Amino acid sequence: MKRPRRPAAASGGRLGVLLSAFLALLTLASLMPSLAQPALAARQKAAKQLTLESLFDPVQRVNFTGSLPRLVWLPDNKHYLAFETNAQTRQSEAVRVEAMTGKRAPFHDPAAMRQALEAAGMSPDGARTAAGLRSVVFDADFRRALIGADNDLYLYDFTANRARRLTDSPDAAEEEYDFSPDGKRVSLVRNHDLFLIDLEAEPPTERRLTQDGSTSVFNGVLDWVYEEEVYGRGKRRGYWWNASGTLLAYLRLDDTAVPVHVLADDLPFRQRVEKTHYPQAGDPNPLVSLHVVTCDGERAEVNLEAYPADDRIVTRVGWHPRDANRLLFEVQNRRQTFLDLAATTVRLLESLPSLPRPDAPERLLREASSTAWVEVVELPTFLPDGSFLWQSDETGFRHLYRHAADGKRLRAVTQGEWDVRELYGVADGMAYFAAAAHSPIANHIYRVRLDGTGLTRLSQMEGTHEADFNADCTAYFDTSSAAATPPQISLRRADGSLLRVVADNAEARALAAEYGVTPPEFRQVKTRDGFQMEAMLLRPPDFDPRKKYAVWCYAYSGPGAQSVVDRWGGQRMLWHQLLAQRGYLVWVCDNRSASGKGMRSMAAVYGRLGELELRDLEDGVAYLKTLPFVDGDRIGLWGWSYGGYMTAYALTHSAAFKCGIAGAPVTDWRNYDSIYTERYMKLPQDNPEGYERSSVVSAAERLRGPLLLIHGLMDDNVHPRNSVQLIDALQKADRPFEFLAYPQSRHGVVTPYRVKHLYGRMLAFIERHL
């Protein structure tokens, strides 16, 4: 499930890359109006109405979000690559752009690259895709690239226009491949073992660094629960190079004792079975150990005996940027009530080959709580004098602190009742970061001096902003959007001043106006005990205050995961716009633990998921009923994942909602994975009453109102057994309900024809019951 405030970092091939035509230079005047201000025409009844076809039909759907180019800073900090689609050939290509002037030049010759790759043995289709640089991995100088194709790995040299095949293992794919920092080697994972390829040998030679990888042992790559709940969905790499390219640190995860969950794909004539180690709450966790290995294959284990093997989670690993032998890591206990930042120096014994010997780890600092959990933070950012910046929730809000090299705290760099959400970098005595200081519902970009003075908001337009700084923090790309305005990208100096618009996404913005996409009204609602919740209300375009309207509510509600944000919401937001155009009010209200207002607001749900969230949502409904244009007897609720849980929980624990749609819901927290669940609910044996009170299955006989239950049959996150158990309990209680099952679908339904079917059935359910 969603983990709060995890920075959106670049990662490997599992993340899709959006490519589009690079837009010409625009004037400063094009950015002057607030992002939140739509065209006047969009305020009126739309000339075109949103339909299921325009949103979801595989052939007729309209691209309302647009396509922004992928932009990557080059090492000189003065140029960047823009990955585009050629207007004539419709092929992907890369353009080298001078940041200050916008001067453009081709980065490479796609046709020559394609020919070289085919000559090296890559298939024509694979070479054509690779030449567009969609998913290649560059070396530090952007002179060479690694390309995976047909379960093998290829190396391409842009300068020499030469390609070579590095592996020949068609039955086993190479994963998480990368260059060493010095460019002399390539690291990769195959069959859960770590390998190196020596590029200086002729021909390149391969060395296997670990020997025991299997379906239950993971070396240098993460298992399911570590990827999903510790490092972040899409981040599978479990190894890290030091700065000099002489040592690797890696995690070894032993899932032998972790139960196996089986999913079956029954769509083919021959059933396809998928087996995954998946620890439910209270089950054995993966046994994790931390190791270092030299390029010669000499290994050593880091001593973690201070943390019992069955009571440790290694949450972050990395090397000191200025000391190639200094390894840093973060460790939590299973209950996640403390987090230690520790370090060890890896010494190389003078022998042939050199043998690594890590010193006993030194704990630099500890974050701890006796009343809730402790959130994972990123590794520290080191400063030239050896001190470092650390993020902490100690005050109930996340802030930056400066610590001495030995871990002693020196001073707070930021403070206030708002969260720092991402630290971008430090340069010339200034820290650059994203925070919610201006508004809890919108990320903005800031800088502050390291002594805590001179806090400045760099992003002045309303809406949400995300930055991508170059390495020396002299310039950054600002991707900005608002609730009814698709994203655009501008290039800015370090002080926030505009250099130029890189991509204004004008076509998407025009489409939004053409189809009557309008901004919601942002509101604040106080709970019965005085907490100020954030909410938004979307009205029909022909709204008449004399009428009474049904209300369709949306909730996610999970800890730290906001839904009320002044940001382009994509498909879900457009679905809500369609409902508004069909005459419904749409209401989204973030309960306190999902408000983004610090650890202080999240901690209240510790050990009792569902209870306080529902009480807050009920207070939002009570506010709605005070509005003269709301029909208080016609209020429905929907959500997905945690929001599906909240919908099912609300319909079995409250009379506030007339009907509900629960997508991929957890129905009993004993079903969900250990690391996420125990963070918020403790272990089942420590909190049996809390687990029972939070269960939807146990309350099935109290279902009030029509319920549409939806689940993907290959959901490897919230397993289908959650819905199966609720279905059985509802049948035992003789309670009516509806169920939609989607074959081959995981935690989200993504196949286009299934997506259209899904939203069509949801619309029919709403029209029938609300």
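Up top is the structure.
Novice: Lay out unusual backbone geometry with the relevant residues and their values.
Specialist: Cis peptide bonds are those with omega within 30 degrees of zero, and the linkage from E202 to P203 qualifies with -5°. By the secondary structure assignment, P203 is in the loop between β11 (193-198) and β12 (205-208). Of note in the backbone geometry, D150 takes a positive phi value of approximately 50° without being a glycine. Tracing the sequence through the fold places D150 in the loop between β6 (144-149) and β7 (152-157). For S641, which is not glycine, the phi dihedral falls at a positive 65°. Structurally, S641 can be placed in the loop between β41 (630-640) and α10 (642-653).

Novice: Account for the side chain of T667, with residues named and values stated.
Specialist: Along the chain, T667 turns up in the loop between β42 (659-663) and α11 (674-681). On the basis of relative accessibility, which here comes to 0%, the residue T667 falls in the buried class. Here the side chain of T667 touches N722 through a polar contact of 2.7 Å, landing on its backbone oxygen. Ignoring anything within four residues of it in the chain, the contact list for T667 reads S695, V696, V697, N722, S723 and L726.

Novice: Quick one: what's the story with the pattern of salt bridges, residue by residue and with numbers?
Specialist: With the rule as written, the count across this model stands at 51 salt bridges. With its nearest N and O atoms 2.8 Å apart, the salt bridge here joins R592 to D529. One end of the pair, R592, is in the loop between β40 (585-589) and α8 (598-602); the other, D529, is in the loop between β37 (521-526) and β38 (532-538), with 63 residues separating them in the sequence. Here R592 falls in the buried class, since its relative accessible area comes to 8%. Take D529: its relative accessible area is 45%, and that puts it in the partly exposed class.

Novice: Describe the nonpolar core, listing the residues and the values that go with them.
Specialist: One finds Y226, L251, V317, W575 and W669 to be the most contacted residues of the largest nonpolar core, which totals 146 residues. If we ignore the near neighbours within four places in the chain, the residues touching W575 are L52, L55, F56, W638, Y759, M762, L763 and I766. By size, the runner-up hydrophobic cluster in this structure holds 24 residues, among which are A130, A145, A149 and A163.

Novice: Describe in detail the packing of helix α5 (residues 224-232) against α11, supporting the description with residues and values.
Specialist: Taken N-terminus to C-terminus, the directions of α5 and α11 make an angle of 40°; their axes are 8 Å apart at the nearest point. On the basis of their axis angle, the class for α5 and α11 is oblique. Side by side, α5 and α11 meet where V225, Y226, E229 and V230 of the first sit next to I675, Y676 and R679 of the second.

Novice: Which residues make up the sheet that holds strand β34 (residues 475-482), and what values do they have?
Specialist: Strand order in this open sheet of 4 strands is β33-β34-β35-β36, and the pairing throughout is antiparallel. Of all strands in the sheet, those with a lone pairing partner are β33 (464-469) and β36 (498-503), marking the two edges. With strand direction ignored, the average angle separating the axes of adjacent strands in the sheet is 25°. Looking at chain direction, β33 and β34 are connected through 6 bridges and run antiparallel. What sits directly across from T464, in β34, is S481.

Novice: Would you mind going over a nonpolar patch on the surface in detail, with residue names and values included?
Specialist: A contiguous nonpolar surface patch, about 230 Å² in accessible area, is contributed by V260, V262 and V273. Structurally, V260 is set in strand β16 (residues 260-265). A residue is classified by how much of its surface remains accessible, and V260, at 46% relative accessible area, is partly exposed.

Novice: Any details on the environment of T101? Residues and values, ideally.
Specialist: Structurally, T101 can be placed in the loop between β3 (92-98) and β4 (104-106). Taking the C-alpha atoms as reference points, T101 and H79, 22 residues apart in sequence, are found 9.8 Å from one another. A polar side-chain atom of T101 sits 2.5 Å from a polar atom in the side chain of E98. Within the structure, the side chain of T101 is placed 3.2 Å from the backbone nitrogen of K103, a separation counted as a polar contact.

Novice: Tell me what's going on with helix α13 (residues 721-732), and back it up with residues and numbers.
Specialist: Along its 12 residues, α13 runs 16 Å from first to last C-alpha, staying within 8% of the 16 Å computed at 1.5 Å per residue. Those residues of α13 that are buried lie in contact with β16, α10, β43 (707-712) and β44 (738-742). Taken from the residues just after α13, D734 is the one with a positive phi, measuring 60°.

Novice: Can you explain helix α3 (residues 110-119)? Please cite residues and give values.
Specialist: Those residues of α3 that fall on the buried side of the exposure criterion are A112, M113, A116 and L117. All buried residues of α3 lie within an arc of 130° about the axis, which places them on one face of the element. Away from its buried face by more than 90 degrees, α3 exposes Q115 and A119. In this fold, the buried residues of α3 make contact with α4 (124-131), β6, β7 and β8 (162-165). Measuring from the backbone nitrogen of A111 back to the side-chain oxygen at the start of α3 gives 3.1 Å, which picks out D109 as the cap.

Novice: An account of the pairing of β3 is needed here, citing residue identities and associated values.
Specialist: Here strand β2 (residues 79-85) runs beside β3; their pairing, made up of 7 bridges, is antiparallel. By the bridge assignment for β3, T85 is matched with S92. In this antiparallel pair of consecutive strands, β2 and β3, the connection spans 6 residues, and R90 shows a positive phi of 60°. The pairing of β3 with β4 spans 3 bridges and is antiparallel.

Novice: Lay out the sheet that holds strand β10 (residues 185-190) in plain terms, naming residues and giving numbers.
Specialist: The strand order β9-β10-β11-β12 describes an open sheet built from 4 strands, whose pairing is antiparallel. In this open sheet, the two strands that pair with only one neighbour each are β9 (174-179) and β12. Strand-to-strand twist across the sheet, computed as the mean angle between neighbouring axes with direction ignored, equals 20°. The pairing of β9 with β10 spans 4 bridges and is classified as antiparallel. Note that in β10 the partner of E175 across the bridge is V189.

Novice: Kindly report on the packing of aromatic side chains, identifying the contributing residues and their values.
Specialist: This structure, assessed with the given rule, holds 36 aromatic pairs. For the pair W373 and Y680, a centre-to-centre distance of 4.7 Å together with 90° between the ring planes defines the contact as edge-to-face. Remark: Y680 occurs in helix α11 and W373 occurs in the loop between β24 (362-368) and β25 (381-382); sequence separation between them is 307 residues. Here W373 matches Y680 in class, with each residue buried. Put simply, the rings of W373, Y556, Y606, Y642, Y645, Y649, W669, Y672, Y676 and Y680 touch in pairs and so form one group of aromatic residues. Its end group placed over the ring of Y401, R409 keeps NZ or CZ at 3.9 Å from the ring centre. Positioned over the ring face of F543 is R539, at 4.4 Å from the centre of the ring.

About the criteria used
Residues numbered from 1 in each chain as written. Predicted model: local features only at pLDDT ≥ 70, side-chain atom pairs only at ≥ 80, totals over all residues. Heavy atoms only, no water. Helix = DSSP H or I, 4+ residues; strand = E, 2+ residues; numbered from the N terminus. Buried < 20%, exposed > 50% of the residue type's maximum accessible area, 1.4 Å probe, protein only. Polar contact = N/O pair within 3.5 Å; in protein donor to acceptor, adjacent residues only side chain to side chain. Contact = heavy atoms within 4.5 Å. Salt bridge = Lys/Arg side-chain N within 4 Å of Asp/Glu carboxyl O. Core = buried A, V, L, I, M, F, W, Y, C linked by side-chain atoms within 4.5 Å. Axes fitted to C-alpha atoms, helices over the stretch in contact; angles between N-to-C directions. Parallel < 35°, antiparallel > 145°, perpendicular 65-115°, else oblique. Pairing = 2+ DSSP bridges. Patch = residues over 30% accessible without salt bridge, like charges linked within 9 Å, V, L, I, M, F, W, Y side chains within 5 Å. Areas by Shrake-Rupley, 256 points an atom, 1.4 Å probe, with all protein chains shown as cover. Expected span 1.5 Å × (residues − 1). Arc of directions from axis to C-beta. Phe/Tyr/Trp six-rings, centres within 6.5 Å; stacked < 30°, edge-to-face > 60°. Lys NZ or Arg CZ within 6 Å of the ring centre and 35° of its normal.

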